[in-house]
Amino acid sequence: MSNNTLPLVISAPEPRTLDLIFTPPQLLRLRKKYRIVETTPDGVAKLPADVLAEARYIVGQPPITPETLEKMKALRCVFNVETNLINNMPYETLFERGIHVVTTGLVFAEPVAELGLAMALNLARNIVDADLAFRHGEELWGGDGNQTARLLSGADVGIIGFGDLGRALNRLLSGFRTRTKVFDPWLPPSILIDNGVEPASLDEVLSQSDFVFVVASVTNENQGFLGAAAFATMRKGAAFILLSRAGVVDFPALMAAVRSGHIVAASDVFPEEPLAQDHPVRALSGFLRSAHRAGALDIAFKRMGDMVLEDMDLIDRGLPPLRSKRAERETVSRMRSKPVDKN
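These numbers come from a predicted model, not from an experiment.

**Q** Outline the pairing of strand 6 (residues 156–160), listing residues and values.
**A** Counted residue by residue, strand 6 has 5 buried out of 5 residues, so it is predominantly covered. A two-sided burial pattern is seen for strand 6, the buried positions comprising Asp156, Gly158 and Ile160 on one face and Val157 and Ile159 on the other. In the classification by handedness, the crossover that spans strand 6, the intervening helix 8 (residues 164–173) and the parallel strand 7 (residues 179–183) is right-handed. Of the strand pairs in this sheet, strand 6 and strand 9 (residues 211–214) are connected by 4 bridges, and their pairing is parallel. For Ile159, the partnering residue across the bridge sits in strand 9 and is Phe213.

**Q** So, the packing of helix 6 (residues 109–125) against helix 8: which residues are in play, and what are the values?
**A** Packing of helix 6 against helix 8 brings their axes to within 8 Å, and their N-to-C directions diverge by 50 degrees. Between helix 6 and helix 8, the angle is such that the two are oblique. For the pair helix 6 and helix 8, the crossing hand works out as right-handed. Each of Ala109, Glu110, Val112, Ala113, Glu114 and Leu117 in helix 6 lies in contact with helix 8, whose residues at this interface are Asp164, Leu165, Ala168, Leu169, Leu172 and Leu173. Grouping the amino acids of the contact of helix 6 with helix 8 by side-chain chemistry returns 9 nonpolar, no polar and 3 charged.

**Q** I'd like a rundown of the sheet that holds strand 2 (residues 35–38), residues and numbers included.
**A** Read from one edge of the open sheet, 6 strands run 2-1-3-4-5-13, paired in mixed fashion. This sheet does not close on itself; its edge strands, each paired only once, are strand 2 and strand 13 (325–326).

**Q** Could you give an account of unusual backbone geometry, naming the residues involved and the relevant values?
**A** In the segment running from Glu14 into Pro15, the intervening peptide bond is cis, with an omega of 10 degrees. Among the structural elements, Pro15 can be located in the loop between strand 1 (8–12) and helix 1 (18–21). A cis amide bond, omega -5 degrees, links Glu273 with the succeeding residue Pro274. Its location among the elements puts Pro274 in the loop between strand 11 (264–267) and strand 12 (287–289). Look at Thr83: it is not a glycine, yet its phi comes out positive at around 85 degrees. Positive phi is not limited to glycine here, since Arg177 has a value of about 55 degrees. By the secondary structure assignment, Arg177 is in the loop between helix 8 and strand 7. The exposure class assigned to Arg177 is exposed, which follows from its relative accessible area of 60%.

Scoring rules and cut-offs
Residues numbered from 1 in each chain as written. Predicted model: local features only at pLDDT ≥ 70, side-chain atom pairs only at ≥ 80, totals over all residues. Heavy atoms only, no water. Buried < 20%, exposed > 50% of the residue type's maximum accessible area, 1.4 Å probe, protein only. Helix = DSSP H or I, 4+ residues; strand = E, 2+ residues; numbered from the N terminus. Right-handed = clockwise from strand over helix to strand, strands pointing away. Pairing = 2+ DSSP bridges. Axes fitted to C-alpha atoms, helices over the stretch in contact; angles between N-to-C directions. Parallel < 35°, antiparallel > 145°, perpendicular 65-115°, else oblique. Left-handed = near helix turned anticlockwise from the far one by under 90°. Contact = heavy atoms within 4.5 Å. Nonpolar A, V, L, I, M, F, W, Y, C, P; charged D, E, K, R; others polar.

In structure tokens form, the structure reads like this:
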């Protein structure tokens, strides 16, 4: 088969790159099987009409207008490798035409869950501060260094959101015999029960947990929904671990709750990224910080390549994609997650 007769893929994966997503053998396989047209997200609409007409797949999340989509007669699937769905394309028309929109976010579930577990253990045992004190010759030995320590094993745990990340986290926590309550208004109770957790209201999760993990996506309905009133209901000394997106939290209220000593907190995400050097959270005691690095492991990015190649193969054979997660008609337009600025 000549190169000109190969199926065409438009590649606009920013902030990712093809070299980041695919191993060299995977990328060789991709280029052997498909004709790749590389561009920027904003450059997709400017591609020649014949390129748009031939494109079978898009790798990326470029803005697509109805006018651009109308030219894309052969399009079968948009592979969102940024993984945060945003409302920048006519989803209704895509669904009406039977075009799949899928994300590869599942690859981040285990890495982010592991860092979340590490954060919880650190907040429970004060590992980082104890190490820093030791470096400065100010360590407290034995019980003197455990005045605020607690066990994660057997603790009351709350999880807000129970998608891929919430489920990965729950699997890790199962070894700690936690009593876990989950709030997720998008899931029926039976799914939560089948996963060994207790369905609960948001107030129950907040007020009855020693550790609260926030793994909910940002939607047009929940931006900033965890504010001062929510933090005030939490148990004194409870740990609040933010792993999904900062948009679900009133961040100044979270800092105030930590500053007051009511709770401790950890976050891998922040309202602006990179964070300003003078942002007050940098110096806030009782707050554990991570620079949006929970999921950014090379092994996770390379798993994207496997997912994309396997799902392309399925679609080429007239089958639906199974490795990537398909966007749902009823919920995709509600998503408000801000895409990451860097890998």
